[in-house]
Amino acid sequence: MQVGSVAHPFARAAFDITDALAGHREHVLAVRVTPMPHPGTPGDKGPDGRTFLQSAHHYLDAPTYLAVSGWDWMPAVRDRVTGLWDHVRLRSTGAVVVGDPHVLTTLPDLPDTDTAEVTINVPVRNAAATPSTVTVRAEFDKVRVESTVTVPAGGSTTVTFAPERFRALRLRDPRLWWPNGYGEPHLYDLTLTATVKRSVSDRRELRFGIREFAYDWHQPIVISPPGKPPLEFVDGAATQTVTFDGQHARHVRIQAGQRATGWGISMFSLSVADGTGPDLALRREATASSSENDTNGPGRAVDGDPATRWASQAEDNQWIQVDLGAAVDFDRVTIVWEQAYALDYRVQVSADGDAWTDVKAVSNDTPLGSRATQVETFASQTARHLRIQTGARVTSWGVSMWALSVQRQAEPDVDLALRKTATASSSDSDSNGPDRAVDGNPRTRWSSKFEDNQWIQVDLGAPVAFDQVTIVWEQAYARDFVIQVSDDGQRWTDVKAVSNAVTQLKISVNGVPVFARGGNWGWDELLRRVLPDRLADTVEMHRDMNFTMIRNWLGSSNREELYQACDEQGILVWNDFWQAGQFLPNPPGYVDIAADTIRRFRHHPSIVVWCGANEGDPPPIVDAGLKAAAATEHPEILYIPNSAGGIVSGHGPYHWVEPGTYNNRNTYDTGAFGFHTEIGMPVVSVVESMRNLVGDAPEWPIGDVWNYHDWSTVGNQRVGTYQAAIDARLGESGSLDEFAARAQFVNYESHRAMFEAWNANLWQDATGLLLWMSHPAWHSTVWQTYDYDLDVNGAYYGARKGCEPVHVQADPGTWQVRVVNHTTTALTGVTVTARRYDLNGRSLGTPQRQRVDVARSATTAAFPLAVPDGGGLHLVRLELRDGRDRLLADNTYWRYDSAEEMRALNGLPSARLSTSSSTVRVVEGRSTVTTTVRNQGRAVAALVRLAVRDQHGKRVLPARYDDNYFWLLPGETRQVRISWPARAGVARQVTVTAQAYNS
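Residues numbered from 1 in each chain as written. Predicted model: local features only at pLDDT ≥ 70, side-chain atom pairs only at ≥ 80, totals over all residues. Heavy atoms only, no water.

Labelled according to an unreviewed UniProt entry, the protein appears under the name Discoidin domain-containing protein, originating from Micromonospora parastrephiae. Of the comments in the UniProt record for the protein, the one headed Sequence similarities (unreviewed entry) reads "Belongs to the glycosyl hydrolase 2 family." (UniProt positions renumbered as here; feature names shortened; annotations may be inferred.)

Okay, structure coming up:
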């Protein structure tokens, strides 16, 4: 007996197997697995390192895993993850079943957080054949509420527990859920039961958090979606049925107007019917104004063969008519168009075939879309010439506008620029000249060359008074522009400067602005082999890096354990849906599965954003459906359509750049820091993990096995710049050991600089930064913080340092020292000190020191960091201490004028490091040891790497260090607390090793 099926990897299903179990004591469950219909092109990444393998056909199976046949950070999965890799559960319930609850929490007295209100919506379904009286109960902490309802047979209802009716749901002194670093992520255990006749029919247990999100942004220009064409072509044909009041006639004519293409008018079939009755035109006599050839005559439209067609000559105003043989009743016509359809036509009827009466006019013109109207007013001007002088563009295209109008506010319907002479700095083609902006046609446009600082101007014919300009922008609008006037078209006067810059998304939690810092989670594991421990471990590593957000890229992880771990670790979740690139206009079931996904996970307090698509907008139908689903199922959570447009930004850089470049807003395509969803670079991890990557292949020099593992000179990662940066700083490497050790300097320095650039501009226009990527799906050479073995490297600790909740830094590129406070408590009377040392540990110059106060969730600049006499490579040690001289934060930089100066590290004396460790103790499920490292040498110990190893010298993973990849001055000690999971099979007897670059 087949009990059901599931067609998409993001869909879930519940099957009632009561009847299948009846009458049998033993049962066998068989699962038939069918591969995806469009598996893509087989193949591996080749020796040229070319990375993208996917065939771009997976969207035909949407929703599905778009990365399954390869991306630039993972190879193709051989079987396209066909099979079972998520939970299959057998549940026993009564006839009344509890659905997915919605727990809404608010803090009504913000900024005061002493009061919270909790509303619980519990869907209840009755599978019985008779109505059921159900008592629904909700319990958490010391709260217990219940309500009794009657659910009709086969029906559903939602039981709502709201504080207006249940006073117990208005909580005093609630334990709040906070993002990492801002407070503890407190969770409440909620039990829901549905009881029928004193017997529990169903029971659900879950955890929720009390928090309230707020979202702030400003978007001056909002481009409308593209217009949806009335006709939808499938395999080259589009069916259009036109209904009208009932007619009684012998002749029917389709009188076309304008053509949609340069060809004539073409249709596969023309049918006439009354309601759902037979085709009255089938095999009747048909005539037409013209035919393109003898083969495609009008009779082909009524011959009943879907493969034949009538096609007219390549002219407008063509017609085809059918003699029905006698006067009959009908109320509709159906046309199956070929691609050369009519933009407009009239359905006509006649008694004699000569005198025609219009029955209905039809337009197949696509509605206007992809535009935004901007109206700017100013003090009245009298001038003959008007110019729009643009500055920066918002896209890589030029500047494009559908219309430019000049008006008086008192007469807004009078366009003084209409059909006047327009000129421009440039046009991208002859068909998009400046005259198109003033021709009165809403479907034509002016579009400049792909450059900034373009202009368009209009000669109004004579000096006239005006005080308003209206621009209808196409998607490629100007980020800023100036309205200018002139009497002679040569000398221009500025009238008004306009900024269309977007103030990007800022997220607040419980009334506190939160810097959304973290990374993209692209794929749990290449073959979906994700055990709960590993998933929990990796989310915990995100917490350890001081991250506050994970972006579930393309929604590629749909495991409950991911959301649960983020709840527990205080990690906000940005959850994408399943689109990137090409997409069907309205995939069957797509929006329904999305709505079910929202219901499934909405009780998790970590979910903060639902996003429609990766680096693009969903098709209009899908976008509207997703927006409505989020508003219905999870209304307190923000839905945005695009992960890298509108109120957020993205697009890298994905390759290595000079660290100081990150602090230049022009590095980013929006000219702003903003809420930036993707930034990253190649990352070569530690040598042990790299050896696991190469396996039996030659490890050095870099070769094919590296290419296979995402090392691409032709992809977004541009590994050549990364390798050149390492070589420039420390010289060309002669082995994998050398290269992996040297890479950690670049990994650390760059990842710290990324986050410190956002710290430097916090709340000016910097609100969020997500690494591309933070979690690897397999052994890779790019875009990771920890590696597939779960070992840490310089990228991990550079990011961890830059994301500290309380932090002291020297801004990238400018060396402005500042204190950063990503907490809910102000820092008062703290002192920041900067000291400089040469490579022998000698102090250079006088320390700089300043006392500062820093508000909660804010930064305060202290002083610019001076360069010591002589310059050259030296260390900068920043410290932040409170009023009792307790260390709050420190940060060590290696400062240099040119990359080559770092080669002085190659000539340092060998570091002499000693370690001593405490006894291993188990604390809260983790084996824990404290290790003291001392530099007994006469030179600095550069970038000291600690590692926990078992009695065989193998790494104990994953291990968490409260500091790593640090520098030690001669005679300096560092105490580091280290822990790892206390699980069966994980070593308890360990050694902690310390290795500096110059060991």
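Next, the rest of the story.
Enquirer: Which residues make up the overall build of the protein, and what are the values?
Expert: The helix and strand inventory of the protein stands at 10 helices and 50 strands. Computed over its C-alpha atoms, the radius of gyration of the protein comes to 34 Å, within 12% of the 30 Å expected for a compact globule of 999 residues. Taken along the three principal axes of its C-alpha coordinates, the protein extends 110 × 95 × 65 Å. Scored against the burial criterion, the 999 residues of the protein give a buried share of 55%. Restricting the contact set of the protein to residue pairs at least 6 apart, pairs at least 24 apart contribute 72%. Total accessible area on the protein stands at roughly 42000 Å², and carbon and sulfur atoms take up 47% of it. In the protein, 96 side chains carry a positive charge and 116 a negative one; their mean positions are 7 Å apart. (Helix = DSSP H or I, 4+ residues; strand = E, 2+ residues; numbered from the N terminus. Rg over C-alpha atoms; globule rule 2.2 N^0.38 Å. Buried < 20%, exposed > 50% of the residue type's maximum accessible area, 1.4 Å probe, protein only. Contact = heavy atoms within 4.5 Å. Areas by Shrake-Rupley, 256 points an atom, 1.4 Å probe, with all protein chains shown as cover. Lys, Arg positive; Asp, Glu negative; His and termini not counted. Charge placed at Lys NZ, Arg CZ, Asp CG, Glu CD.)

Enquirer: If you had to explain the sheet that holds strand S37 (residues 816–821) to someone new, which residues and values would you point to?
Expert: Taken in spatial order, the three strands line up as S36-S37-S40 in an open sheet, and their pairing is antiparallel. With one partner strand each, in any of the chains shown, strand S36 (806–810) and strand S40 (858–864) form the two edges of the open sheet. In this sheet, neighbouring strand axes are inclined to one another by 20° on average, regardless of whether the strands run parallel or antiparallel. Two elements, S36 and S37, share five bridges in a ladder whose sense is antiparallel. Each residue of the ladder has a partner; that of His807, found in S37, is Val820. Taken strand by strand, helix H9 (residues 736–760) contacts S36, S37 and S40, and its axis lies near 100° from that of S36. (Pairing = 2+ DSSP bridges. Axes fitted to C-alpha atoms, helices over the stretch in contact; angles between N-to-C directions.)

Enquirer: Please set out the pattern of salt bridges residue by residue, giving values where relevant.
Expert: If you walk through the whole model with that rule in mind, you get 57 salt bridges. Close ionic contact of Arg91 with Asp202 constitutes a salt bridge, the shortest N to O distance being 2.6 Å. Of this pair, Arg91 sits in the loop between strand S2 (74–76) and strand S3 (96–98) while Asp202 sits in strand S11 (residues 199–208); the two residues are 111 residues apart in sequence, bridging distant segments of the chain. The class of Asp202 is buried, set by a relative accessible area of 4%. (Salt bridge = Lys/Arg side-chain N within 4 Å of Asp/Glu carboxyl O.)

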